[in-house]
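Listed below are the residues making up each chain.
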Amino acid sequence: MTAYEAVILDVDGTIVRGEELLPGATDGLRALEAAGCSRLLFSNNPTRGADHYGEQLAPHGIDVDPATVLTSATVSAEYLAATHPGERVYLVGSERLEAILADAAVELTADPDAAEVVLGSFDKSFSYGTLWESLRALEGDVPFYGTDPDATIPIDEGEIPGSGAILAAMEAVAGREPDAILGKPSPIAAATAMNRLDADPTKTLVVGDRLNTDIALGNRAGMETALVLTGVTDRAALTAVDVEPDHVLESLAAVDTLL
């Protein structure tokens, strides 16, 4: 019998890199399933909804129920719809995130002077003009949120700038940090995940490739954590950080050693 009731799995850098399945990922998923662990996929990708990962993993023989998937986009949409109903949200983000927010009945505005809430995220079209509008939107004490803190995003060819880089620019001009990050590793993200799993945090394993999001999420919420070395973190990085995982695995395939 495994000590775990449930597992929270990062996706990018843990199961896939870009569009490619990582070696051993299927073996790790099968081991978790055989151990009877409830599974929740949780990606900090703010451009994807719950349906995406089922479509991405199905060709690899991995069945994913959208109800068992969270992303920083879906968590942000759920949070804003619940806490700022009817308030106009000025978004610095992608068209996909805009659609996810709209589907959750979050009211959006393209006018920075009409902003009642500001949400910063990954935006390939980010420009000086966007930054100038952000400065206007962030005047006063308007609530300021970020979808996720990831400064970079792993892709097939390496890495590209992520939400964290854009939030840093917005913070610089506004002279303040976001009031909250809504994706991993925030308490909001942890609470959303545990509500979805309905499991005991002390019997939940978090597996991911980022110390400051995946491992920090688990550590803060009292979960056990396992870092995989298939993403952005290598062994050398472990010697100079404050966030420590309970376990370090070469890949998700090695998760069976913990079960």
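Residues numbered from 1 in each chain as written. Predicted model: local features only at pLDDT ≥ 70, side-chain atom pairs only at ≥ 80, totals over all residues. Heavy atoms only, no water.

Looking up the protein in an unreviewed UniProt entry gives the name HAD-IIA family hydrolase, with the organism given as Natrinema soli.

Undergrad: How should I be thinking about the pairing of strand E14 (residues 224-228) in this particular structure?
TA: Consecutive side chains along a regular strand alternate between the two faces of the sheet. Counting buried positions over the five residues of E14 gives four, a clear majority of the element. For strand E13 (residues 204-208) and E14, the ladder comprises four bridges, and the chain directions are parallel. Looking across to E14, one finds that Gly208 is bridged to Leu227. Between E13 and its parallel partner E14, the chain crosses via helix H8 (residues 211-221), and the hand of that crossover is right-handed. When E14 meets strand E15 (residues 247-249), the two strands line up parallel, connected through three bridges. When the sheet's bridge partners are listed, Leu227 is paired in E15 with Val248. (Buried < 20%, exposed > 50% of the residue type's maximum accessible area, 1.4 Å probe, protein only. Helix = DSSP H or I, 4+ residues; strand = E, 2+ residues; numbered from the N terminus. Pairing = 2+ DSSP bridges. Right-handed = clockwise from strand over helix to strand, strands pointing away.)

Undergrad: Any chance you could explain helix H6 (residues 163-174) here in plain terms?
TA: Side chains of residues three or four places apart in an α-helix project in the same direction, reflecting 3.6 residues per turn. Over its 12 residues, H6 runs 16 Å from end to end, which matches the ideal 16 Å to within 8%, given 1.5 Å per residue. Of the residues making up H6, those classed as buried are Ser163, Gly164, Ile166, Leu167 and Met170. Projected down its long axis, H6 carries its buried residues within an arc of 155°, all on one side. Against strand E6 (89-92), strand E8 (117-120), helix H5 (128-137), strand E9 (144-146) and strand E12 (180-181) lie the buried residues of H6. Two residues or fewer past H6, Gly175 is found with a positive phi of approximately 75°. (Expected span 1.5 Å × (residues − 1). Arc of directions from axis to C-beta. Contact = heavy atoms within 4.5 Å.)

Undergrad: What am I meant to see in the sheet that holds E13 here?
TA: Spatial strand order, E5-E4-E1-E13-E14-E15: six strands in an open sheet with parallel pairing. Only two strands of the sheet have a single partner each, and these edge strands are strand E5 (69-71) and E15. Neighbour to neighbour, the strand axes of the sheet diverge by 20° on average, direction disregarded. With four bridges joining them, strand E1 (residues 6-9) and strand E4 (residues 38-43) adopt parallel strand pairing. What sits directly across from Val7, in E4, is Arg39. (Axes fitted to C-alpha atoms, helices over the stretch in contact; angles between N-to-C directions.)

Undergrad: Help me understand the sheet that holds E6, please; the structure alone is not making it clear to me.
TA: By definition, the strands of a sheet pair up through backbone hydrogen bonds, in either a parallel or an antiparallel sense. Read from one edge of the open sheet, five strands run E7-E6-E8-E9-E12, paired in parallel fashion. Each edge of the sheet is formed by a strand with only one pairing partner; in this case those strands are strand E7 (108-109) and E12. In terms of strand pairing, E8 meets E9 through three bridges, oriented parallel. Directly across from Val118, in E9, lies its bridge partner Phe144. Contacts between helix H4 (residues 95-103) and the sheet are confined to E6, E7 and E8, with E6 contributing the most and set at about 155° to the helix. Contacts from H6 reach E6, E8, E9 and E12, with the element oriented near 160° to E9.

Undergrad: What is the right way to read a negative patch on the surface from this model?
TA: On the surface, Glu19, Glu20, Asp156 and Glu157 cluster together into a patch of negative charge. Residue classification places Glu19 among the partly exposed positions, given a relative accessible area of 45%. (Patch = residues over 30% accessible without salt bridge, like charges linked within 9 Å, V, L, I, M, F, W, Y side chains within 5 Å. Areas by Shrake-Rupley, 256 points an atom, 1.4 Å probe, with all protein chains shown as cover. Salt bridge = Lys/Arg side-chain N within 4 Å of Asp/Glu carboxyl O. Lys, Arg positive; Asp, Glu negative; His and termini not counted. Charge placed at Lys NZ, Arg CZ, Asp CG, Glu CD.)

Undergrad: Would you mind showing me how to read a nonpolar patch on the surface here?
TA: On the surface, Tyr128, Trp132, Leu135 and Val173 cluster together into a nonpolar patch covering about 460 Å² of accessible area. Per-element tally for the nonpolar patch: the top contributor is H5, with three residues. Position of Trp132 relative to the elements: it lies in helix H5.

Undergrad: Explain the pairing of strand E10 (residues 152-155) to me, please; I cannot follow it from the model alone.
TA: The sheet contact formed by E10 and strand E11 (residues 158-161) spans four bridges and is antiparallel. Bridging across to E11, Ile155 finds its partner in Gly158. Here E10 folds back onto E11, and the loop between the two strands holds two residues.

Undergrad: Can you walk me through the packing of aromatic side chains in this structure?
TA: Two numbers describe a pair of aromatic rings. These are the distance of the centres and the angle of the planes. Enumeration according to the criterion identifies two aromatic pairs in this entry. With 5.6 Å between their ring centres and 75° between their planes, Tyr79 and Tyr145 make a pair best called edge-to-face. Here Tyr79, found in helix H3 (residues 72-83), pairs with Tyr145, found in strand E9; they are 66 residues apart in sequence, far enough to count as distant. Taking the relative accessible area as the measure of exposure, Tyr79 reaches 21% and is therefore partly exposed. The buried category is assigned to Tyr145, whose relative accessible area is 8%. Between the aromatic rings of Tyr128 and Trp132, the centroid separation amounts to 6.4 Å while the plane-to-plane angle is 65°, which identifies the pairing as edge-to-face. (Phe/Tyr/Trp six-rings, centres within 6.5 Å; stacked < 30°, edge-to-face > 60°.)

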